[in-house]
Amino acid sequence: LQADPGKFSLAELDEWLSEPGLPEYTRVPRAETFEKAATIARAWLNGEIPASGIPVQDWSPHAVVNLINSLPADVTTGQLEDLDSSIGLSNTKNVEIGRAWFTRVAQLRHTPAYEAMEAHVNRYGRTWMISGVYRSLIENGVDAPLAKQMFEKARVRYHPITIMAIERMFPEGES
């Protein structure tokens with residue numbers, strides 16, 4: 001406050017620190033790129049544009065991750081295959097996109113991408129890059145044994161902290 005006198009009053013500071021929610025006068029930032037990406041994603045999901053019409057080459061990796069994370073639970077395998085073949089999600093060199101995509105692949109049980117998903121967890125050994133994939137396989141109701149098998153094959157490539165983190169995801173007695 002001393003560096004910029006008059007920017008905020010003590011009452012405003014107190015409101016920020018002591019009151020719930022955002023003050024009424026707060027400008028909420030907008031992410032126009034994300035909004036455009038969401039609009040295009042909805043158009044694709046509704047069949048209004050083909051997956052090849054999604055201009056991901058103009059998007060930041062964060063916008064692509066936002067698209068992946070916003071895929072609904074009822075997206076079809078055909079839609080996922082179309083999206084993957086058009087955008088190349090299973091072949092991405094961007095670890096953030098790969099992490100989001102393969103986590104979603106495991107959640108949705110999109111088995112055509114499982115081979116690429118296994119390559120992903122074998123390529124990276126840092127916890128944040130792979131833990132979502134393992135967690136999603138374990139929690140999807142079917143693939144916990146596959147997650148265990150993949151982990152046993154890949155664990156020699158992982159950092160010890162990653163190994164401990166992944167082992168803790170398995171139910172007692174299964175790690």
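What you see is a predicted model, and the numbers here were worked out from it, not measured in a lab.

Engineer: Run through the packing of aromatic side chains, naming residues and quoting values.
Structural biologist: Summed over all chains, the structure comprises four aromatic pairs. Both rings, one in phenylalanine 151 and one in phenylalanine 170, keep their centres 5.9 Å apart while their planes meet at 45°; by these two values the pair is tilted. Here phenylalanine 151, found in helix H8 (residues 144-154), pairs with phenylalanine 170, found in the segment after helix H9 (160-169); they are 19 residues apart in sequence, far enough to count as distant. Classification of phenylalanine 151 by relative accessible area gives buried; the value is 0%. Overall, phenylalanine 170 belongs to the buried group, its relative accessible area being 4%.

Engineer: I'd like a description of unusual backbone geometry, backed by residues and values.
Structural biologist: Despite not being glycine, arginine 109 shows a phi value in the positive range, around 55°. Its place among the elements puts arginine 109 in the loop between helix H5 (95-108) and helix H6 (114-123).

Engineer: Explain H5 residue by residue, including any values.
Structural biologist: Given a rise of 1.5 Å per residue, 14 residues ought to cover 20 Å, and the 20 Å separating the end C-alpha atoms of H5 matches this to within 8%. Burial runs high along H5: 10 of the 14 residues are buried. Within H5, the full set of buried residues consists of Val95, Ile97, Gly98, Ala100, Trp101, Phe102, Thr103, Arg104, Val105 and Ala106. Contacts from the buried residues of H5 go to helix H3 (61-69), helix H4 (77-87), H6 and helix H7 (127-139). You can read the cap of H5 off the contacts: a side-chain oxygen lies 2.9 Å from the backbone nitrogen of glutamate 96, and it is on asparagine 94.

Engineer: Which residues make up the pattern of salt bridges, and what are the values?
Structural biologist: Under the criterion given, the structure shown has seven salt bridges. Note that glutamate 118 and lysine 153 form a salt bridge whose closest N and O atoms lie 2.9 Å from each other. Separated by 35 residues along the polypeptide, glutamate 118 in helix H6 and lysine 153 in helix H8 bring together distant segments of the chain. In this structure, the salt-bridge partner of glutamate 167 is arginine 155, at a minimum N-O distance of 2.6 Å.

Engineer: Now, about the environment of leucine 67: what can you tell me, with residues and values included?
Structural biologist: Along the chain, leucine 67 turns up in helix H3. Judged by its relative accessible area of 4%, leucine 67 is buried. For leucine 67 and isoleucine 97, which are 30 residues apart along the polypeptide, the C-alpha to C-alpha distance reads 9.9 Å.

Engineer: Account for a nonpolar patch on the surface, naming residues and giving values.
Structural biologist: A cluster of nonpolar side chains, contributed by Phe8, Leu10, Leu13, Trp16, Leu17, Leu22, Tyr25 and Val28, occupies part of the molecular surface with about 860 Å² of accessible area. One can find tyrosine 25 in the loop between helix H1 (10-18) and helix H2 (32-45).

Engineer: Give a description of the nonpolar core that names residues and reports values.
Structural biologist: By size, the foremost hydrophobic cluster in this structure holds 45 residues, and its most contacted members are Leu83, Trp101, Met117 and Tyr134. Mapped by element, the contributors of at least two residues to this core are H2, H3, H4, H5, H6, H7, H8 and H9. With sequence-adjacent residues up to four places away left out, tryptophan 101 is seen in contact with Ile68, Leu71, Leu80, Leu83, Asp84, Leu89, Ser90, His110 and Ala113.

Engineer: Could you give me a rundown of the confidence of the model for the protein chain, with the residues and numbers involved?
Structural biologist: Across the protein chain, the average pLDDT comes to 90, with 95% of residues at 70 or higher. Confidence scores differ between elements of the protein chain, with H1 showing the lowest mean pLDDT of 85 and H5 the highest of 97.

Engineer: Let's hear about the packing of H6 against H8: which residues, and what values?
Structural biologist: Between H6 and H8, the shortest axis-to-axis distance is 10 Å and the interhelical angle comes to 40°. One way to sum up the angle between H6 and H8 is to call them oblique. In the packing of H6 onto H8, the handedness of the crossing is right-handed. Residue-level contacts link Tyr114, Met117, Glu118, Val121 and Asn122 of H6 to Leu146, Met150, Lys153 and Ala154 of H8. Broken down by class, the residue content of the contact of H6 with H8 amounts to six nonpolar, one polar and two charged.

Cut-offs used in this document
Residues numbered from 1 in each chain as written. Predicted model: local features only at pLDDT ≥ 70, side-chain atom pairs only at ≥ 80, totals over all residues. Heavy atoms only, no water. Phe/Tyr/Trp six-rings, centres within 6.5 Å; stacked < 30°, edge-to-face > 60°. Helix = DSSP H or I, 4+ residues; strand = E, 2+ residues; numbered from the N terminus. Buried < 20%, exposed > 50% of the residue type's maximum accessible area, 1.4 Å probe, protein only. Expected span 1.5 Å × (residues − 1). Contact = heavy atoms within 4.5 Å. Polar contact = N/O pair within 3.5 Å; in protein donor to acceptor, adjacent residues only side chain to side chain. Salt bridge = Lys/Arg side-chain N within 4 Å of Asp/Glu carboxyl O. Patch = residues over 30% accessible without salt bridge, like charges linked within 9 Å, V, L, I, M, F, W, Y side chains within 5 Å. Areas by Shrake-Rupley, 256 points an atom, 1.4 Å probe, with all protein chains shown as cover. Core = buried A, V, L, I, M, F, W, Y, C linked by side-chain atoms within 4.5 Å. pLDDT = per-residue confidence, 0-100. Axes fitted to C-alpha atoms, helices over the stretch in contact; angles between N-to-C directions. Parallel < 35°, antiparallel > 145°, perpendicular 65-115°, else oblique. Left-handed = near helix turned anticlockwise from the far one by under 90°. Nonpolar A, V, L, I, M, F, W, Y, C, P; charged D, E, K, R; others polar.

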